[in-house]
Amino acid sequence: MSSTHTYRFTFGPWNISTGADPFGPPVRPEMAFAEKIRQYKKLGFDGVQFHDDDVVAYDLPESEKMKKAAELKKVLDDEGLFVEIIAPRLWEDPHTADGAFTSNCPKDRQYALDRAKRCVDLAKVMDCKNYVLWLAREGSYIREAKCAKTAVGRIADAWNTILEHDPEIRVLGEAKPNEPMDQAYLPTVGHMIGLAYKTVDPSRSGVLIESAHSILAGLDPADDMAYALWHEKLWSVHLNDQNGLKYDQDKTFGSADLRRAFDQVWVLDKSGYGKNGEAVGLDIKAMRATKYEDSTKHLSNSRTMFLALLEIVRSVDEAKVNELRDNRQYEDLDLMILKALMGR
Ligand code: XLS
Ligand code: MG
């Protein structure tokens, strides 16, 4: 099943950052939003990922919101960029301190639902069908704080509300097991897909898989991707890397574990990922030590890594792989892949 299709690449404006972390303030100036948008094509990218408030501030008067969104759409069209995904930022506002859809406060749950629906309206203006739900604060610090069973139901209800708000929108659940919460209610790709089948429209319910999130769950991102691909539910990815079970690092793709990155490219390419318009999304942070003038290198480097690994994937002799599989010569297969990765 050798493939020759090409890929489209995207990232979100939050991936060009000031280097602030929970232990220290910004170390680089904030790049103006318009300047960020101008970086995309220069860096070899085709589309953007947005949060709702990247499009327009949430508290902007209703009359101005859609007008502003349409203006931004025009800017993107002029730059030749498409909007790959849009996601409601449901983890910063004080209303979401105790979670968004799963907050114990009815008023705060309503805030989350209103904001989720408004994000669907923005997606329409941006001509974007992929609505990502990263359920950042839908989890607990202590088990007893909430009824976990009720919480799962509330997430399902919210997912349905989004689907019902627009018959064309597709919801992509982005699982992450922990951080900022001690424990998320839908921690893995398997949980997300299970819930997707219980929604009012499973054909519009799928997943976005972020490499680091699978790794944080102790799982292999390539296998998670294969699982979602089998279900025909892998509609976006956030490629990055992660060095073990610690805070969410969002490292350059392939920089911590080259073979694990190779395996992700392998499974995506061999499954024809991208042929139905899916993009290769990145979600990567520059190192805090990075200087302002270098603050987009992690993005172009990750794209370079994907394309370099793609070349290696496509150069591996499939007939040889099948022969080694058939003969159970996995030691030889192992060395063959290692040599391919070392260019020898
Ligand atoms: C979490 C991301 C987040 C989502 C989209 O990994 O940084 O922004 O990808 O909401
Ligand atoms: Mg992500």
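Conventions and cut-offs
- Residues numbered from 1 in each chain as written.
- Chains lettered and ligands numbered in written order.
- Predicted model: local features only at pLDDT ≥ 70, side-chain atom pairs only at ≥ 80, totals over all residues.
- Heavy atoms only, no water.
- Donors = N, O, S within 2.8 Å, 3.2 Å for Na, K, Ca; no water.
- Tetrahedral: all angles 85-135°; square planar, octahedral: opposite > 155°, others 65-115°.
- Helix = DSSP H or I, 4+ residues; strand = E, 2+ residues; numbered from the N terminus.
- Buried < 20%, exposed > 50% of the residue type's maximum accessible area, 1.4 Å probe, protein only.
- Salt bridge = Lys/Arg side-chain N within 4 Å of Asp/Glu carboxyl O.
- Pairing = 2+ DSSP bridges.
- Right-handed = clockwise from strand over helix to strand, strands pointing away.
- Patch = residues over 30% accessible without salt bridge, like charges linked within 9 Å, V, L, I, M, F, W, Y side chains within 5 Å.
- Areas by Shrake-Rupley, 256 points an atom, 1.4 Å probe, with all protein chains shown as cover.
- Core = buried A, V, L, I, M, F, W, Y, C linked by side-chain atoms within 4.5 Å.
- Contact = heavy atoms within 4.5 Å.
- Near = heavy atom within 4 Å.
- Polar contact = N/O pair within 3.5 Å; in protein donor to acceptor, adjacent residues only side chain to side chain.
- 1 Å grid on protein atoms, 1.4 Å probe; cavity = no way out; pocket = protein on both sides within 12 Å on 5 of 7 lines; lining within 4 Å.
- Sits in = over half its atoms within 2 Å of the grid points.
- Nonpolar A, V, L, I, M, F, W, Y, C, P; charged D, E, K, R; others polar.
- Points joined across faces, edges and corners; volume = space filled by probe spheres on them.
- Axes fitted to C-alpha atoms, helices over the stretch in contact; angles between N-to-C directions.
- Parallel < 35°, antiparallel > 145°, perpendicular 65-115°, else oblique.
- Left-handed = near helix turned anticlockwise from the far one by under 90°.

**Section: the coordination of the magnesium ion (ligand 2)**
So, point 1. Looking at the metal site, the magnesium ion (ligand 2) is ligated by Glu-174 (OE), Glu-210 (OE), His-238 (ND1) and Asp-283 (OD), spaced 2.0 to 2.4 Å from it.
So, point 2. What the 6 donor atoms of the magnesium ion (ligand 2) show is an angle range of 79 to 175° at the metal, which sorts the shape as octahedral.
So, point 3. Considered as a linear motif, the donors of the magnesium ion (ligand 2) on their single chain read E-x35-E-x27-H-x44-D. Here Asp-283 lies in the loop between strand E10 (280-282) and helix H10 (297-315) and His-238 lies in strand E9 (residues 234-239), a separation of 45 residues in the sequence. Accessibility assignment for this pair places His-238 and Asp-283 in one class, buried.

**Structural notes on the pattern of salt bridges**
So, point 1. Counting across every chain of the model gives 26 salt bridges.
So, point 2. The salt bridge partner of Asp-52 is Arg-115, with a shortest N-O separation of 2.7 Å. With a gap of 63 residues between them, Asp-52 in helix H2 (residues 52-55) and Arg-115 in helix H4 (residues 106-125) connect regions that are remote in the sequence.
So, point 3. For Asp-52, a relative accessible area of 0% gives the class buried.
So, point 4. According to the relative accessible area criterion, Arg-115 is buried, its value standing at 4%.
So, point 5. As a salt-bridge pair, Asp-257 and Arg-260 come within 3.9 Å of each other at their nearest N and O atoms.

**Examining the pairing of E9**
Regular strands place their side chains on alternate faces of the sheet.
So, point 1. For E9, the buried fraction is high: 6 of the 6 residues fall into the buried class.
So, point 2. The pairing of strand E8 (residues 205-210) with E9 spans 4 bridges and is parallel. Paired with Glu-210 across the strands is His-238, a residue of E9.
So, point 3. One crossover worth recording links E9 to the parallel E10 by way of helix H9 (residues 258-270), and it is right-handed.

**Side note on a nonpolar patch on the surface**
So, point 1. A cluster of nonpolar side chains, Leu-335, Leu-338 and Met-342, forms an exposed patch at the surface whose accessible area comes to about 270 Å².
So, point 2. Looking at the secondary structure, you find Leu-335 in helix H12 (residues 330-342).

**Section: the environment of Asp-114**
So, point 1. Topologically, Asp-114 is positioned in helix H4.
So, point 2. On the accessibility criterion, Asp-114 (35% relative accessible area) is partly exposed.
So, point 3. Separated by 97 residues in the primary sequence, Asp-114 and Ser-17 place their C-alpha atoms 28 Å from one another.

**A few points about the nonpolar core**
So, point 1. Core analysis: the largest hydrophobic core is formed by 83 residues, its most contacted members being Phe-50, Val-55, Leu-76, Met-126, Leu-234, Phe-262 and Phe-306.
So, point 2. Per-element accounting of this core gives the leading share, 7 residues, to helix H5 (residues 148-165).
So, point 3. Those residues in contact with Met-126 that sit more than four places away from it in its chain are Phe-50, Val-55, Ala-69, Leu-72, Lys-73, Leu-76 and Val-83.
So, point 4. Within the second largest apolar cluster, 6 residues are counted, among which are Ile-85, Leu-172, Leu-208 and Trp-235.

**Digging into the site of ligand 1**
So, point 1. Inspection of the region around ligand 1 gives Trp-14, His-51, Ala-87, Trp-91, Trp-134, Glu-174, Glu-210, His-213, His-238 and Asp-283 as its neighbouring residues.
So, point 2. Note that an oxygen atom of ligand 1 is positioned 2.8 Å from one of the side-chain N or O atoms of His-51.
So, point 3. Contacts to ligand 1 include His-213, whose side-chain N or O atom sits 3.2 Å from an oxygen atom.
So, point 4. More than half of the atoms of ligand 1 fall within 2 Å of the grid points belonging to the largest pocket.
So, point 5. Here the shell around ligand 1 is built from residues that sort into 4 nonpolar, 3 polar and 3 charged.

**Brief notes about the layout of surface pockets**
So, point 1. What the largest pocket holds in volume is close to 1,500 Å³.
So, point 2. Elements represented by at least two residues in the lining of the largest pocket include exactly strand E3 (82-87), strand E4 (130-134) and H10.
So, point 3. Taken as a whole, the second largest pocket spans an internal volume of roughly 270 Å³.
So, point 4. Lining the second largest pocket are 19 residues, and of these Arg-8, Phe-82, Val-83, Glu-84 and Asp-127 sit closest to its centre.
So, point 5. At the level of secondary structure, the elements contributing two or more residues to the lining of the second largest pocket comprise helix H3 (62-79) and E3.
So, point 6. Counted by class, the lining of the second largest pocket contains 8 nonpolar, 3 polar and 8 charged residues.

**Observations regarding the packing of H9 against H10**
So, point 1. Relative to each other, H9 and H10 sit at 70°, their axes nearing to 9 Å. Our classification of the angle between H9 and H10 gives roughly perpendicular. Crossing of H9 over H10 shows right-handed handedness. The residues of H10 that touch H9, namely those facing Leu-258, Ala-261, Phe-262, Val-265, Trp-266, Leu-268, Asp-269 and Lys-270, are Met-305, Phe-306, Leu-309, Leu-310, Ile-312, Val-313 and Arg-314.

**Examining empty space enclosed by the protein**
So, point 1. One pass over the structure, following the stated rule, counts 3 cavities of 30 Å³ or more.
So, point 2. Trp-134, Leu-135, Ala-136, Lys-176 and Ala-184 are, among the 15 residues lining the largest cavity, the residues nearest its centre.
So, point 3. Residues of the lining of the largest cavity, tallied by class, amount to 10 nonpolar, 1 polar and 4 charged.
So, point 4. Estimated volume of the second largest cavity: approximately 40 Å³.
So, point 5. Lining the second largest cavity are Leu-90, Trp-91, Ala-100, Leu-133, Trp-134, Leu-135, Ala-136, Arg-137 and Glu-138.
So, point 6. Counted by class, the lining of the second largest cavity contains 7 nonpolar, no polar and 2 charged residues.

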